[in-house]
Amino acid sequence: MLTKAEKAAIALLRYSVTGEEAASEFRCLTAAEALPLEKIISINGILPTVYPCLDQLGPKAAGCLREKLCTAYYSSVSQSVLQDKEGKAFLSALSGAGFDSIPLKGWLLRTLYPDITRRSMADLDILVRNFDYPKIEAIAVSLGYTSSGDTVWKHVNFHKAEDDANVEVHRRLTDESGAVAKWEKDIFSRAVKEEGSEHIFRMSDEDFYIFHMLHLLKDFGNGKIGLRRIADTWLYLEKYGDMDRAYLDKDFSEMEISEFVHRMEKLAAVCFGGETPDEDSELLLHHACSYGIFGTMRSYKLGRIARMSKKTMRGGKLRSAMSSVFLPYGRMKTHYPVLKKAPILLPYCWCCRIVKYRHNMHSNLKRLDYSDIDQKEFDYMKKVLRAGGLKV
């Protein structure tokens, strides 16, 4: 199922991560054979990881790809160095103001790679205890950032135009309810202080892995996966293989994501551990190479309707549109705490939410327009989600 270019991209990434040399068929690619790798590398967020190792593909392929990716690669390295500087300054400022914080996602994952510049990240995510928007905004402004404004969602965005730096400060990790909300509730009580810091924490190894899988699941349910996420999973398991598996299995089971986690771990083992791929693994890798880590508007729509359909594509389209406008009660409680005491106000809160986001009505309606999705695409996405362990 995988094309030669897709296999070559995975082999190159495997060499970059594990040092295992690519098979001989991938070490002498022609320039023409290497051309499709440009897109696969770019959309999967693995450019800084594989660029230093392009010689593994042979001189013709390496020369071709360097010519096309050189500018983007050095821009990525520069951005990583800048993000490191800005991130440390932002965390230090929060700490100086007495805020307890936990850096999330790429801030830790980048340390699993040979060098922090070998793993890109779109922005810096920080979870803050006792979230206080006015105080946090004042800190951000003092560092040269502007705010997109406070919001009831899980994080607020700050942007520094001068350096094109982005920081997302989280009041919570997710917008989920049930077992996920229960797990998240006491996340700071299980976190440990970073060495030499009074206010900067890191999650326990197990909690970070759970959060990693929840984040991966959210993206996967919206039709995207990405080779970088698979590499992150492999490297994390390699470094923290002594995690408390009983703790993980219990939480994954309560969250009803055990099968998804199993499939993702198997996929990592196929890519980097030499495990023989099955049909599901090849389908997932093909999807990653086709849509990348950020996906497309089309893959987002497909993921939503395939995930929400019970039997038919038409039903999936209807449920997806309805759930976007009328969030379920569990999630609405997160955004409108008054519902915890007065559930009867749910219709009123739905109306408030619609009014609040009316200024983005055009773009929101565009995201809900499924008229161009056909049955073949729908069936394909159903197959992808099932390959990842989702019951759809």
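The structure reproduced in this document is the subject of the present report. (Residues numbered from 1 in each chain as written. Predicted model: local features only at pLDDT ≥ 70, side-chain atom pairs only at ≥ 80, totals over all residues. Heavy atoms only, no water.)

Turning our attention to empty space enclosed by the protein. Following the criterion strictly, the structure yields 2 cavities of 30 Å³ or more and no others. The computed volume of the largest cavity comes to approximately 50 Å³. Counting residues per element, the ones that place at least two in the lining of the largest cavity are α4 (59-96) and β5 (165-170). Residues of the lining of the largest cavity, tallied by class, amount to 5 nonpolar, 3 polar and 2 charged. Taken together, the residues of the lining of the second largest cavity break down into 2 nonpolar, 2 polar and 2 charged. (1 Å grid on protein atoms, 1.4 Å probe; cavity = no way out; pocket = protein on both sides within 12 Å on 5 of 7 lines; lining within 4 Å. Points joined across faces, edges and corners; volume = space filled by probe spheres on them. Helix = DSSP H or I, 4+ residues; strand = E, 2+ residues; numbered from the N terminus. Nonpolar A, V, L, I, M, F, W, Y, C, P; charged D, E, K, R; others polar.)

Two cysteines whose sulfur atoms are joined by a covalent bond form what is called a disulfide. A complete count under the given rule lists 0 disulfides for this structure. Distance from the sulfur of C64, which forms no disulfide, to the nearest cysteine sulfur (C70) is 13 Å. Here C351 is not disulfide-linked; the sulfur of C352 is the nearest cysteine sulfur, at 7.0 Å. (Disulfide = S-S within 2.5 Å.)

The topology assignment puts N166 in strand β5. Looking at N166, the relative accessible area reads 32%, which means it is partly exposed. A C-alpha to C-alpha distance of 25 Å links N166 and E195, two positions 29 residues apart in sequence. Those residues within four positions of N166 in sequence are excluded, and the remaining contacts are A122, D123, L124, F158 and H159. Separated by 2.7 Å, the side chains of N166 and H159 make a polar contact. (Buried < 20%, exposed > 50% of the residue type's maximum accessible area, 1.4 Å probe, protein only. Contact = heavy atoms within 4.5 Å. Polar contact = N/O pair within 3.5 Å; in protein donor to acceptor, adjacent residues only side chain to side chain.)

This part takes up a nonpolar patch on the surface. A cluster of nonpolar side chains, namely L318, M322, F326 and I354, defines an oily patch on the protein surface of about 350 Å² accessible area. By secondary structure assignment, the location of I354 is in helix α17 (residues 346-356). (Patch = residues over 30% accessible without salt bridge, like charges linked within 9 Å, V, L, I, M, F, W, Y side chains within 5 Å. Areas by Shrake-Rupley, 256 points an atom, 1.4 Å probe, with all protein chains shown as cover. Salt bridge = Lys/Arg side-chain N within 4 Å of Asp/Glu carboxyl O.)

Below, the discussion takes up the side chain of D207. By secondary structure assignment, the location of D207 is in helix α9 (residues 205-221). Taking the relative accessible area as the measure of exposure, D207 reaches 0% and is therefore buried. Here the side chain of D207 touches Y247 through a polar contact of 2.8 Å, side chain to side chain. If we skip the residues at most four places from it in the chain, D207 touches W183, I187, R190 and Y247.

Of note, N130 is a non-glycine position whose phi angle comes to about 55°, a positive value. One can find N130 in the loop between β2 (124-128) and α6 (133-142). At D164, a residue that is not glycine, the phi angle is positive and equals roughly 50°. Along the chain, the position of D164 falls in the loop between β4 (155-160) and β5. Taking relative accessible area as the criterion, D164 reaches 44% and is therefore assigned partly exposed.

With that settled, the discussion passes to the environment of R298. When you line up the elements, R298 lands in helix α14 (residues 297-308). Classification of R298 by relative accessible area gives partly exposed; the value is 30%. Between the C-alpha atom of R298 and that of D55, which follows or precedes it by 243 residues, the distance is 35 Å. Not counting chain neighbours up to four residues away, the residues in contact with R298 comprise D372, I373 and E377.

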